[in-house]
Each structure stands twice: as structure tokens, then as C-alpha cells.
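So you can see what is in the structure, the chains are spelled out below.
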Amino acid sequence: MKLSVLQFNPIHKNVQKNYELIENYLLSLKDSIVVLPELATTGYLFESREEIIDLAEEVPNGHFTKLLENIAKKNNLVIVSGVAERDGEKVFNSSLLVSKSGFIGKYRKINLFYKEKNVFEEGEKLEVFDVNFMDQSLRIGVMICFDWFFPEISRKLKLMGAQIIAHPSNLVLPYCPKAMPIRALENKLYTITANRIGMEKNQNETLKFIGQSVICSPKAEYLLKLNENDEGIFSIETDIIINENITKYNNLSQDLKKLYEKEQLRSNFKR
Ligand code: ACM
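In this report, the structure presented in the accompanying data block is examined. What you are looking at is a predicted structure, and each value in this text was computed from that prediction instead of being measured. (Residues numbered from 1 in each chain as written. Predicted model: local features only at pLDDT ≥ 70, side-chain atom pairs only at ≥ 80, totals over all residues. Heavy atoms only, no water.)

1. A word on the sheet that holds strand β1 (residues 2-7)
Logical step 1: Pairing in this open sheet of 6 strands is mixed, and the strands run β5-β4-β3-β2-β1-β14 from one edge to the other. Edge positions in the sheet fall to β5 (102-108) and β14 (232-237), since each of these pairs with one other strand and no more. Strand after strand, the sheet turns through a mean of 25 degrees between neighbouring axes, direction not considered.
Logical step 2: With 6 bridges connecting them, strand β4 (residues 90-99) and β5 associate as antiparallel partners. Bridge pairing links L97 to G105 in β5.
Logical step 3: Helix-sheet contacts for helix α1 (residues 15-26) involve β1, β2 (32-35), β3 (77-87) and β14, and the interaxial angle to β14 is about 35 degrees.
Logical step 4: On the sheet, helix α3 (residues 63-75) packs against β3, β4 and β5 and is oriented at approximately 175 degrees with respect to β3. (Pairing = 2+ DSSP bridges. Helix = DSSP H or I, 4+ residues; strand = E, 2+ residues; numbered from the N terminus. Axes fitted to C-alpha atoms, helices over the stretch in contact; angles between N-to-C directions. Contact = heavy atoms within 4.5 Å.)

Below you can see the structure in the form of C-alpha cells.
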């Protein structure tokens, strides 16, 4: 199975140009699951909802979903991308998932980071999607950037059956690429973190994005680890094999079940 990331530098507030960039990159890729960064069509740094609302679009009825559906169909791709999603007067920091069969679903970011709290509504629901790809049935969970900081998010995706976590990101702090092998190990799944590169300036603030997109295995390996300036599509080949055994005596799902059954802990874990 080919797993890929698109690491690139979206142009701030230039949605048309970002459509073109994304289309050109993706048309060079075939037969792959590919993850794009968070907010790939708009860029990241906004001060208010008013500043982004006219750049945001409906999902799945907006242009970006259609564009990705067409590319997925043409090149046999499963695509997960960040997008600013407009729903009436609300804007969500969302990710959408399409395959050659069309739109599969979307996830709205739950853990908003920094000034995103002034811009977006919070999502409320985690999603794991059934995807048929290359004669395999896969369950793909989605989280967005800062969601990684909360181990509950990837654990819950695991409990919902995720085998792969697709993770569109716009990282500015240095920690996530170090943590993702552990998220993959402790949940026995594959993670694909696609981060952006470059700088963005808005009013008095400049942010630098750290690149370093990573694909991690359930054995805590980096199957891919990019540098902070790498730009383009990067792919690896791997079988998606989930072995839940940690030792002869420990199986992750069975041990988790027992853990959650313990009376004292049950009240602490809302499942
Ligand atoms: C982030 O959540 N964009 C850091």
C-alpha cells in the first residue's frame, strides 16, 4: 500500500492559486492514500471569522470537494485534506475525505489551537471512515493538527476501529513529530501527519511552520520523516498490518477492555 503526504506552502488567502498548486501536485501521484495539510486552500493565520468566511466553502457542496473527487477518480487516490468549511454563518477547521467513488466524509477539528479560537467553531464528533482501497477494507480515522496533543483523541479513534490516522496539520511548535511514533505505538495503528512549510504574516504576527511531516508505524518507526523545507509529494510503501500483541501475555484491545472495566477507572473514561 502506498502512503503519501503533500508537504507544501499554501499561499495565504489565495484559494484559486492553492487549488492550482494542489491539483498539479496530486496529478503526479497514482494509487495512493495521500494526506494534505490543515487549511490547505486558505492558509492558516486569521484573526477573526469575518476575515476567513468568504474564503471558506461548503463541504461536500463546494468547489474543493469536487476538485479532489475528480483527481481521486482519475488517479485512484484516497485524499484527506484540510479545508476551511463554511456552514451558514459558521466556519469550521475541517478535513474532508474522498476516494475514486466520491465524497466519503468530513471531520471538524475539536481542539482549536491559539487564535483559531477567535475564528472557528469547535467540532464535536470524531469520525472513522470505511474505505475500500486496492482490494483492502480500511478504517481511516481523522484528526487535525493540535488534536495530537490529547492522547484521548487518537485512543478514541483506535477504540472506534481506526487502522490509520490521517492527520492534516499546520504545526508551529516542535513537539508533534517526536510524539507521533508513540501515538502509533500505543494505539497499534499507522499515522500520517502532513504538515505545511513556510512563513505566514498577518497584521503584527508572523508564524513559521515546521514541515517535518511524518508517517509512523505501529512499531513506533518513522516510515517517512521530512525536513522543514522539503516540498512536494513524498511516498512510502508498506503493508497495513495491525498486530495487537505487545507480548505473549498482552494484547492491546483485550488489555484496554479490562482497563476500562475496572470500576475505579470506568467513570474516568467516557466511551
Ligand atoms: C495547530 O493546531 N495548527 C497547531
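2. Let's talk about the layout of surface pockets
Logical step 1: Here the second largest pocket defines a volume of roughly 170 Å³.
Logical step 2: Every residue along the wall of the second largest pocket is listed here: K188, Y190, S217, P218, K219, E221, L223, T238, D239, I241, N243 and N245.
Logical step 3: Residue composition of the lining of the second largest pocket, grouped by class: 4 nonpolar, 4 polar and 4 charged. (1 Å grid on protein atoms, 1.4 Å probe; cavity = no way out; pocket = protein on both sides within 12 Å on 5 of 7 lines; lining within 4 Å. Points joined across faces, edges and corners; volume = space filled by probe spheres on them. Nonpolar A, V, L, I, M, F, W, Y, C, P; charged D, E, K, R; others polar.)

3. With respect to the packing of aromatic side chains
Logical step 1: Per the counting criterion, the structure on display carries 9 aromatic pairs.
Logical step 2: Aromatic pair F113 and Y114: ring centres 6.1 Å apart, planes at 50 degrees, arrangement tilted.
Logical step 3: Here F113 falls in the buried class, since its relative accessible area comes to 18%.
Logical step 4: Here R108 stacks its cationic end above the ring of F92, 3.8 Å away from the centre of that ring. (Phe/Tyr/Trp six-rings, centres within 6.5 Å; stacked < 30°, edge-to-face > 60°. Buried < 20%, exposed > 50% of the residue type's maximum accessible area, 1.4 Å probe, protein only. Lys NZ or Arg CZ within 6 Å of the ring centre and 35° of its normal.)

4. A short note on α1
Logical step 1: An ideal rise of 1.5 Å per residue puts 16 Å on 12 residues; α1 measures up with 16 Å between its terminal C-alpha atoms.
Logical step 2: Buried within α1 we find V15, N18, Y19, I22, Y25 and L26. The buried residues of α1 occupy an angular sector of 135 degrees when projected down its axis, which confines them to one face. Counted as exposed and oriented over 90 degrees from the buried face of α1: Q16 and N24.
Logical step 3: Residues of α1 that are buried in the fold lie against β1, β2, α3, β3 and β14. (Expected span 1.5 Å × (residues − 1). Arc of directions from axis to C-beta.)

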